[in-house]
Amino acid sequence: MYGRLFTFGRKKLKYGLIEAFFTWLESLEVLLFLWALADYYNSHRLGFFSI
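This report concerns the structure included in the present document. (Residues numbered from 1 in each chain as written. Predicted model: local features only at pLDDT ≥ 70, side-chain atom pairs only at ≥ 80, totals over all residues. Heavy atoms only, no water.)

### What to know about the overall build of the protein chain
Secondary structure summary: the protein chain contains two helices and zero strands in total. For the protein chain, the exposed surface amounts to about 4900 Å²; the carbon and sulfur share of it is 69%. (Helix = DSSP H or I, 4+ residues; strand = E, 2+ residues; numbered from the N terminus. Areas by Shrake-Rupley, 256 points an atom, 1.4 Å probe, with all protein chains shown as cover.)

Shown next, in the form of structure tokens:
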């Protein structure tokens, strides 16, 4: 990803930065989904919502 960023050259550098940002954002979305899934499982396993 970052290696390709330097091959774009000066003219297309902003497009490379945008692509790197969206790639990072996709990774963040996966991590947030896994965190929410673990939080949901943990809260139901301990019975916080059944009180």
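### Focus: the packing of aromatic side chains
We describe a pair of aromatic rings using the distance from one ring centre to the other and the angle between the two ring planes. A full pass over the atoms with the stated rule returns two aromatic pairs. The interplanar angle of 35° and the centroid separation of 6.0 Å between the aromatic rings of Phe21 and Trp24 together place this pair among those described as tilted. Placement of both Phe21 and Trp24 in helix 2 (residues 13-46) is noted, with a separation of three residues, approximately one turn of the helix. A residue is classified by how much of its surface remains accessible, and Trp24, at 46% relative accessible area, is partly exposed. (Phe/Tyr/Trp six-rings, centres within 6.5 Å; stacked < 30°, edge-to-face > 60°. Buried < 20%, exposed > 50% of the residue type's maximum accessible area, 1.4 Å probe, protein only.)

### Section: a nonpolar patch on the surface
Judged by side-chain polarity, Tyr15, Ile18, Phe21, Phe22 and Trp24 come together as a nonpolar surface patch covering roughly 560 Å² of accessible area. By the secondary structure assignment, Phe22 is in helix 2. The exposure class of Phe22 is partly exposed, given its relative accessible area of 45%. (Patch = residues over 30% accessible without salt bridge, like charges linked within 9 Å, V, L, I, M, F, W, Y side chains within 5 Å. Salt bridge = Lys/Arg side-chain N within 4 Å of Asp/Glu carboxyl O.)

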